[in-house]
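# Commentary on secondary and tertiary structure
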Amino acid sequence: MNPKSLDAIVLRYVGFGILFIGLAVMLFLVRGVLPVFVVGGIIAYAFEPLLQRLEKRGRSRPKAVAFVFGLYILLLLLLFSLLASAVQQGQSLIQPESAAQQFERVTKLVQTNQEKLQKLPLLPAVRDAINNAINNSTQTLTEYVPVWARDTSIKLVTGTGVFLISVFLVTLISFGLMLEAQRIKGRCLMLIPPQYRRDITQLSTSINELLGRYVRGQLIVCGTFGALCTVTFEVLSRTYGMQYPLVLGALAACIYILPYIGMAAVTISAGLTAYLTANPNQNMQCAAIAVGCCIGFNLLVDYGVAPRVLGRGVGLHPLMVIFALLCGFELGGPLGTVVAVPIFASLRVIFIYLFPQLAAPLPDESPEATITDKMHGETSEMGERVANAEASAAEGVLIARTEKT
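Residues numbered from 1 in each chain as written. Predicted model: local features only at pLDDT ≥ 70, side-chain atom pairs only at ≥ 80, totals over all residues. Heavy atoms only, no water.

## Focus on the packing of helix α2 (residues 34-56) against helix α6 (residues 194-240)
At a closest axis distance of 9 Å, the pairing of α2 and α6 adopts a crossing angle of 105°. Judged by the angle between their axes, α2 and α6 are roughly perpendicular. The segment α2 lies against α6, with I42, Y45, A46 and P49 engaging I207, N208, L211, G212, V215, R216 and L219. Tallied by class, the residues present in the contact of α2 with α6 amount to eight nonpolar, two polar and one charged. (Axes fitted to C-alpha atoms, helices over the stretch in contact; angles between N-to-C directions. Helix = DSSP H or I, 4+ residues; strand = E, 2+ residues; numbered from the N terminus. Parallel < 35°, antiparallel > 145°, perpendicular 65-115°, else oblique. Contact = heavy atoms within 4.5 Å. Nonpolar A, V, L, I, M, F, W, Y, C, P; charged D, E, K, R; others polar.)

## Some remarks on a positive patch on the surface
On the surface, R53, K56, R57, R59, K63, R213 and R216 cluster together to form a positively charged patch. Secondary-structure elements contributing two or more residues to the positive patch are α2 and α6. Structurally, the position occupied by K63 is in helix α3 (residues 61-94). Looking at K63, the relative accessible area reads 59%, which means it is exposed. (Patch = residues over 30% accessible without salt bridge, like charges linked within 9 Å, V, L, I, M, F, W, Y side chains within 5 Å. Areas by Shrake-Rupley, 256 points an atom, 1.4 Å probe, with all protein chains shown as cover. Salt bridge = Lys/Arg side-chain N within 4 Å of Asp/Glu carboxyl O. Lys, Arg positive; Asp, Glu negative; His and termini not counted. Charge placed at Lys NZ, Arg CZ, Asp CG, Glu CD. Buried < 20%, exposed > 50% of the residue type's maximum accessible area, 1.4 Å probe, protein only.)

## With respect to the environment of R308
In this fold, R308 is placed in helix α9 (residues 283-310). For R308 and G217, which are 91 residues apart along the polypeptide, the C-alpha to C-alpha distance reads 9.1 Å.

## Observations concerning the packing of aromatic side chains
According to the stated counting rule, one finds five aromatic pairs in the structure shown. Summarising the aromatic geometry, the rings of F47 and Y72 are spaced 6.1 Å apart at their centres and angled 80° between planes, so their arrangement reads as edge-to-face. Separated by 25 residues along the polypeptide, F47 in helix α2 and Y72 in helix α3 bring together distant segments of the chain. Here the two residues F47 and Y72 agree in accessibility, since each one is buried. Through a chain of ring-to-ring contacts, three or more aromatic side chains come together here, namely F47, F69, Y72 and F175. Over the aromatic face of F28 sits the side chain of R31, whose NZ or CZ is 4.2 Å from the ring centroid. Residue placement shows R59 over the ring face of F67; its charged tip is 5.1 Å from the ring centre. (Phe/Tyr/Trp six-rings, centres within 6.5 Å; stacked < 30°, edge-to-face > 60°. Lys NZ or Arg CZ within 6 Å of the ring centre and 35° of its normal.)

## Focus on the side chain of N283
Checked against the element boundaries, N283 lands in helix α9. At 3.4 Å, the side chain of N283 forms a polar contact with the backbone oxygen of Y275. In this structure N283 touches A274, Y275 and A278, once residues within four positions along its chain are discounted. (Polar contact = N/O pair within 3.5 Å; in protein donor to acceptor, adjacent residues only side chain to side chain.)

## Some points on the packing of helix α7 (residues 245-255) against helix α8 (residues 261-277)
The contact between α7 and α8 brings their axes to 9 Å, and the two run at 170°. Judged on the interaxial angle alone, α8 and α7 are roughly antiparallel. Contacts between α7 and α8 involve L248, L251, A252 and I255 from the first element and G262, A265, V266, S269, A270 and T273 from the second. Across the contact of α7 with α8, the residue classes break down as seven nonpolar, three polar and no charged.

## A closer look at unusual backbone geometry
The phi dihedral of Y244 falls on the positive side, at around 60°, and the residue is not glycine. Among the secondary structure elements, Y244 is positioned in the loop between α6 and α7. For Y244, a relative accessible area of 8% gives the class buried.

## Focus on the confidence of the model for the protein chain
Per-chain confidence: the protein chain averages 76 in pLDDT, with 72% of residues scoring 70 or above. Here helix α11 (residues 381-404) stands out as the element of the protein chain with the lowest mean pLDDT, 47, in contrast to α8, whose mean of 86 is the highest. Counting contacts from residues 372-380, a segment whose pLDDT is below 50, to residues more than four positions away or on other chains yields seven contacts. Below a pLDDT of 50 lies the segment residues 396-405, which in the model reaches zero contacts outside its immediate sequence neighbourhood of four places, other chains included. (pLDDT = per-residue confidence, 0-100.)

Take a look at the structure:
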C-alpha cells in the first residue's frame with residue numbers, strides 16, 4: 001500500500017468521523033422532535049410482521065398498508081373514547097373543590113392515626129418527633145395542594161391541543177414508515193460493504209424477530225393488565241362508590257411496563273383511591289379488594305399470559321435480566337428499565353452470532369477435561385477428540401502450504 005492510498009483512507013475515515021459527529025450534534029439540537037418519530041417508528045415496527053404476512057398472501061404493499069392502517073385507526077378511535085372518559089374523570093379529580101375534599105379526608109385520616117399514636121408506649125422524644133414530622137407534612141400539603149390542582153388543570157387544558165397534534169403527527173409518520181419500510185431497509189443495506197451484507201441481514205432478521213416479539217408481547221401484556229384493572233375498578237365503583245376507575249385503568253396499562261415500579265405504583269394508587277373515595281363504611285373492604293385484585297392480576301399476567309404471548313421471551317437468564325434492569329435504571333431511570341432488556345437481548349444475539357460456542361450445549365465433561373493430564377500421562381476421550389482435530393487441521397494447513405509452493 002503506497003503512502004498516497006494510506007492518506008486517502010485516513011482522510012476518508014476522518015471525514016466519516018466528522019460527518020457522524022455533526023449528525024450527532026444535529027440530533028441533539030433537534031431532540032425535542034425525536035420522540036414523535038420514535039413513537040411512530042415503534043408503531044410501524046409493531047405492525048410490520050402483519051404487513052409481511054399480507055404480502056406473502058399476494059397483496060401489494062399499498063393494499064396491505066391500507067388494511068393495517070384501517071385497523072390502526074379503529075384501535076385509535078377506541079382508545080380515544082376511553083381516554084375521553086378518563087380525562088373527564090381526571091378533570092373532576094383535579095378540580096379545586098374535589099382536591100380540597102380529598103385533602104380533607106386525608107387530614108382526618110392523619111388525625112385519627114395521630115390519636116392512636118398518642119396511646120402507644122413510646123418515648124416522649126420519639127412521639128414528639130413523629131408528631132412534628134406529620135404536622136410539617138400536613139402544613140406543606142395544605143399550601144401545595146391548591147396550587148398543584150390549579151396548575152395541573154391549566155396544563156391539562158393547554159396540553160390537550162398539543163396531544164392531539166402529536167397523535168396526528170405520529171399517525172402520519174407511522175403511515176409513511178409502513179409504506180417506505182422496504183425501501184428504507186434497502187437503502188440502509190446499500191451503505192454496508194457487500195461482503196458484510198449477508199451477516200448484517202441475518203443479524204438484523206434475528207434481532208427484528210426478537211424485538212418484534214417483545215414489543216407485541218408487551219403491548220398485549222400491558223393491555224390485558226389494564227383491561228382487567230379497569231373492569232375491576234368499574235365494578236368497585238358501582239358496588240362501593242369508588243371513583244376514577246378509568247383513570248386508574250389507563251394508569252395501570254401505561255406504567256405496567258415498568259418492572260416492579262409500575263406494579264407497585266398501580267397497587268398503591270388503587271388502594272389509596274379506594275380508601276379515600278369509596279363509601280365511608282366500606283372503604284377498608286374496597287381498598288383490600290382493589291389491592292388484592294391488582295396483586296392477583298399481576299400474578300395471572302406474569303405467569304399465565306406473558307409466557308404464552310412472549311414465548312421464550314428474550315432468552316436471557318433471570319440473573320442477566322436483573323443485571324439489565326439495574327443497568328437501565330442506573331443509566332436512564334425508570335424509562336431505562338423499559339429498553340434495558342431488549343437491548344441486552346440484542347447484544348446476546350450479536351455475541352452468539354460472533355461466538356457460536358456460547359450457545360452450544362455443554363459437553364458431558366468439563367472443558368478442563370480436554371487438557372492432557374501430564375502428571376499421569378492420561379488423556380480424556382474429549383481430549384483425544386480435540387487433539388485429533390488439531391492434528392487434522394495442522395495437516396490440512398501443511399498440505400495447503402505445499403500446494404502453494
